[in-house]
Amino acid sequence: MARGGGPGGFDVNSLLKQAQQMQAEMAKAQEQLAAEEVEASAGGGMVKVKISGDLKLKEIVIDPEAIDPDESELLAEMVLAAVNEAIRSAQELAGSKMGGITGGLGLGGPGGGAGGLPGL
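Source: prediction; values computed, not measured.

Asker: Account for the overall build of the chain, naming residues and giving values.
Answerer: Within the chain, the secondary structure is distributed over 2 helices and 3 strands. When the helices and strands of the chain are placed in sequence order, the string is α-β-β-β-α. A burial count over the chain gives 23% of its 120 residues as buried. A separation threshold of at least 6 residues defines the contact pool for the chain, and within that pool the share at least 24 residues apart is 47%.

Shown next as structure tokens:
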């Protein structure tokens, strides 16, 4: 049996090193995601939302023309639509960054919790 190897030539030390390297790369990617932002809009740009790659809402901008007391439900719907679109875009960004690191190990994707980010 090879030194550090397991049954059938399985090298536990090599596997541990790979896991540590992947963990370091994931931590670096998470830091980068926190620094990146995506923007989404709704209502023809009347509501704009910015969200970070780690899913923190950074900014909501509402065009004054969208503020009509008689249309408050419409404004709420536009805000909701813009926030949901921004979250979807941020999740895509996170998925593309984390997917390259995990190398198809199935750690990303819905319910996988890649990097502890909801929805990934």
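The discussion continues.
Asker: Can you tell me about the pattern of salt bridges, naming the residues and giving the values?
Answerer: Taken as a whole and judged by the stated rule, the model has 5 salt bridges. A salt bridge links Glu92 to Arg88; the nearest nitrogen and oxygen atoms lie 2.3 Å apart. Taken together, the residues span about one helical turn, with Glu92 and Arg88 both in helix 2 (residues 72-102) at a distance of 4 residues. Note on Glu92: relative accessible area 52%, which makes it exposed.

Quick notes on the rules
Residues numbered from 1 in each chain as written. Predicted model: local features only at pLDDT ≥ 70, side-chain atom pairs only at ≥ 80, totals over all residues. Heavy atoms only, no water. Helix = DSSP H or I, 4+ residues; strand = E, 2+ residues; numbered from the N terminus. Buried < 20%, exposed > 50% of the residue type's maximum accessible area, 1.4 Å probe, protein only. Contact = heavy atoms within 4.5 Å. Salt bridge = Lys/Arg side-chain N within 4 Å of Asp/Glu carboxyl O.

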